[in-house]
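One-letter residues, chain by chain:
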Amino acid sequence: MNSYLNHIPAQIKNSAFPLTRLKSEKLEGIQKNIPLFEGVNMRDIAFLTKRFETLNLYRGCRVNCSHCLKDAKPPQKGRETILFEDLMRFLDGFRELGERLGFNVFQGNKYVNIIDDANPSDIPIRGKERTHSVVEAIEKIYDKINLPVIFVTSGWNRASKYAQSAAEELVKLAQKKPDSIESVEVSINPFAGVMEKSREALKDGNSDKAKFFRNIYTDRISNTLAVFLKLFESGKARIIYRHAPDYEGNELVGAQETRRLYEEIYAKLGEKTGSALDFIPELKPKNLTKFDKSHLIEPSGRGRRYFPADKNLKEQSELIDEAMDWEMMSPDERRKMLLDCALKCVDIDGSVYATMPANKVEHIFAPVELTIPANIKLNYENKTPAGNIFSDIEFIGG
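Numbers given to residues run from 1 along each chain, matching the order in which its sequence is written. Predicted model: local features are reported for residues with pLDDT of at least 70 only, side-chain atom pairs are reported and counted for 80 or more only, and whole-chain, interface and lining totals are derived from all residues. Side-chain descriptors were evaluated using all non-hydrogen atoms of the structure, hydrogens and water having been removed beforehand.

Moving on, we come to the overall build of the chain. Only runs of H or I of at least four residues qualify as helices and only runs of E of at least two qualify as strands under DSSP, and these elements are numbered from the N terminus. Each helix and strand in the chain was counted, giving 14 helices and 8 strands. In summary, the chain has a C-alpha radius of gyration of 22 Å against a globular reference of 21 Å for 398 residues, a match within 12%. For every residue, the accessible area (1.4 Å probe, protein chains only) is compared with the maximum for its type, and the residue is labelled buried under 20%, exposed over 50%, or partly exposed between those bounds. A total of 398 residues make up the chain; the buried ones form 54% of that total. Contact criterion: two residues are considered in contact whenever any of their non-hydrogen atoms come within 4.5 Å of each other. Long-range pairs, those at least 24 residues apart, make up 75% of the contacts in the chain between residues at least 6 apart in sequence. Only C-alpha atoms enter the radius of gyration; for comparison, a globular chain is expected to reach 2.2 Å times N to the power 0.38, where N is the number of residues.

By nonpolar core is meant a set of buried Ala, Val, Leu, Ile, Met, Phe, Trp, Tyr and Cys residues that side-chain atoms within 4.5 Å join together. Counting 115 residues, the largest nonpolar core has Leu55, Phe90, Phe94 and Phe228 as its most contacted members. Broken down by element, this core gets its largest block of residues, 8 residues, from helix α5 (residues 84-101).

Moving on, we get to the environment of Phe151. If you trace the backbone, Phe151 turns up in strand β3 (residues 149-153). Residue Phe151 is classed as buried on the basis of its relative accessible area of 4%. As a C-alpha pair, Phe151 and Asn113 span 38 residues in sequence and 6.9 Å in three-dimensional space. Once you skip the residues sitting within four places of it in the chain, Phe151 turns out to touch Ile114, Pro120, Ser121, Val134, Ile138, Leu170, Ser183, Val184, Glu185 and Phe228.

This part is about empty space enclosed by the protein. Residues are called lining when one of their atoms sits within 4 Å of a cavity or pocket point, these points coming from a 1 Å grid over the protein atoms alone, where a cavity is a set in which a 1.4 Å probe fits but cannot get out and a pocket is an open set with protein on both sides within 12 Å along at least five of seven lines. Grid points are joined across faces, edges and corners, and a volume is the space filled by probe spheres set on the points. Enumeration according to the criterion identifies 1 cavity of 30 Å³ or more in this entry. As for the largest cavity, its lining consists of Tyr58, Arg59, Gly60, Cys61, Arg62, Pro75, Glu80, Ala118, Asn119, Asp122 and Ile123. Note on residue categories: nonpolar means Ala, Val, Leu, Ile, Met, Phe, Trp, Tyr, Cys or Pro, charged means Asp, Glu, Lys or Arg, and polar means any other residue, Gly included. Classifying every residue of the lining of the largest cavity by side-chain character gives 5 nonpolar, 2 polar and 4 charged.

Quick look at unusual backbone geometry now. One non-glycine residue, Phe17, lies in the positive phi region at around 50°. If you trace the backbone, Phe17 turns up in the loop between α2 (10-13) and α3 (24-27). Its identity is not glycine, yet Asn375 carries a phi of approximately 55°, on the positive side. Tracing the backbone through its elements, the reader meets Asn375 in strand β8 (residues 369-377).

Here the focus is the environment of Ile8. Examined against the element boundaries, Ile8 turns out to sit in the loop between α1 (2-6) and α2. For Ile8, a relative accessible area of 7% puts it in the buried group. Setting aside residues up to four positions removed in sequence, Ile8 forms contacts with Lys13, Leu22 and Phe103.

Moving on, we get to the packing of aromatic side chains. Aromatic rings from Phe, Tyr and Trp, with only the six-membered ring used for Trp, were paired whenever their centres fell within 6.5 Å, and each pair was classed as stacked if the ring planes differed by under 30 degrees, edge-to-face if by over 60, and tilted otherwise. For the coordinates displayed, the defined rule picks out 14 aromatic pairs. Measuring from ring centre to ring centre gives 5.9 Å for Phe52 and Phe90, while their planes differ by 25°; the resulting arrangement is stacked. Placement of Phe52 in strand β1 (residues 52-55) and of Phe90 in helix α5 is noted, with a sequence separation of 38 residues between them. Judged by centre distance (6.4 Å) and plane angle (80°), the ring pair of Tyr241 and Tyr262 falls under edge-to-face. Taken together, the residues Tyr241 in strand β5 (residues 237-241) and Tyr262 in helix α11 (residues 255-273) connect sequence positions 21 residues apart. We classify Tyr241 as buried; its relative accessible area is 3%. We classify Tyr262 as buried; its relative accessible area is 0%. Here a set of aromatic residues connected by ring pairs shows up, and it is made of Phe37, Phe52, Phe90, Phe94 and Phe106. Here, over-ring charges are defined by two tests on the NZ atom of lysine or the CZ atom of arginine: distance to the ring centre within 6 Å, and angle to the ring normal within 35 degrees. In this structure, Lys344 packs its charged tip against the face of Phe47, placed 5.1 Å from the ring centre.

So, about helix α6 (residues 134-145). Because each turn of an α-helix spans 3.6 residues, side chains separated by three or four positions end up pointing in the same direction. Compared with the 16 Å implied by 1.5 Å per residue over 12 residues, the 16 Å span of α6 between its first and last C-alpha is a close match. Turning to α6, its buried residues number three or more, namely Val134, Val135, Ala137, Ile138, Ile141, Tyr142, Lys144 and Ile145. Those residues of α6 hidden inside the fold are in contact with β1, α5, β2 (112-113), β3, α7 (161-176) and β4 (181-188). Note on α6: the residue one or two positions beyond its end, Asn146, has a positive phi of about 60°. Given a helix with a known number of residues, its expected span is that number minus one, times 1.5 Å.

The first and last C-alpha atoms of α7 sit 22 Å apart over 16 residues, in line with the 22 Å expected at 1.5 Å per residue. Those residues of α7 lying buried are Ala163, Gln164, Ala166, Ala167, Leu170, Val171, Leu173 and Ala174. Summarising the contacts, the buried residues of α7 are in contact with α6, β3, β4, α9 (207-227) and α10 (229-234).

What follows deals with the pairing of β5. Moving residue by residue along a regular strand, the side chains alternate between the two faces of the sheet. For β5, a buried count of 4 out of 5 residues is recorded, marking the element as mostly surrounded by other parts of the structure. In the sheet, β4 pairs with β5 via 5 bridges, with the strands oriented parallel. Each bridged residue has a counterpart across the sheet, and for Val186 the counterpart in β5 is Ile239. Two strands are counted as paired when DSSP detects at least two bridges linking them.

Salt bridge, as used here: a side-chain nitrogen of Lys or Arg that lies within 4 Å of a carboxyl oxygen of Asp or Glu. Applying the stated rule across the entire model yields 31 salt bridges. The salt bridge partner of Arg260 is Glu257, with a shortest N-O separation of 2.8 Å. Linking Arg260 with Glu257, this pair stays in helix α11, spanning 3 residues, or about one helical turn. Beyond isolated ion pairs, a larger network of salt bridges with shared partners links Glu139, Asp143, Lys176 and Lys177.

Our next topic: the state of the cysteines. By disulfide we mean two sulfur atoms from cysteines, separated by a distance within 2.5 Å. Following the criterion strictly, the structure yields 0 disulfides and no others. Cysteine Cys61 shares no disulfide, and the gap to the nearest cysteine sulfur, in Cys65, comes to 6.3 Å. Cys345 takes part in no disulfide bond, and the closest cysteine sulfur to it belongs to Cys341, at a distance of 14 Å.

That is the geometry; function is a separate question.
See the structure below:
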């Protein structure tokens, strides 16, 4: 093994996804005595490092958006977050492996996402002796494996001292170590659970109750934007703006109503921040809400309720075709497809899964993602299964 390591060309060490360009069997054993990799072979480790995208720090979401593409459920008690010691085990394990190999095994990856079906603003990360903030986790990720983080949030209850403080600390980190944050993204849409309550009240003829719930949402989002305002000014933050397509019955979640919702949010933001908004043109309603295909939700997860039956039936047929093609592949063919085409993700119990676009499914803007278990499990201390990440159709493992 040492002879093989000593003859690795510099162009491979400096290339994207270098570990996948080497012969895993020649490196087998180099991971020995690194706790993270106990029971994991080098072939599987190399697989994980190519197009590595998500290191889940949280599972489950309480925002309860009615369009959720991941069909996210509220977090289960004891399974809300990664164990902080497992996060450190992951980071230290891959850093040690890189030191033994002489190169960064995550080279070629541009960033890491920290959630798949959660809202990272809500709660701290559990640890054996104390809780830890999401900002502490982000800083550790960057310092140890040199990957910046994407932070996506649907906002938080301003009454939550933890969430408000953590968001303010995130801004400070982005200013102190700008390279540690790839982007901070705020999801704005009319689908949040509190907006669903507003629409239900409106249908019942209770306009005061409808305004009450709508006000909760607009307060929450305007506060979120206000906290992150400096990041919008510096180009580190952006808005994910979504609404339903223009089908019959979608009037209260369509383009016009969502535009009005954002105008209310922007007005409240102006009251909080004053003239500072003049310097951030991308926040202005006329620039943000003008129609773009990227604003439209896809018929996936709970989002299917906003599409007609014939569209959903057609998609289901396409998904079945996709699954049948997958089942016809040999294990080696599946492995190669996942290696080259899928994004790799790690759950809070160390289980590895992959996500890839459904090639046969017609989509509006963003391809529908399918989730496939990779049959790989890193040696985390917490081995309690977190529950499967949603997929529109079930796939057998790679």
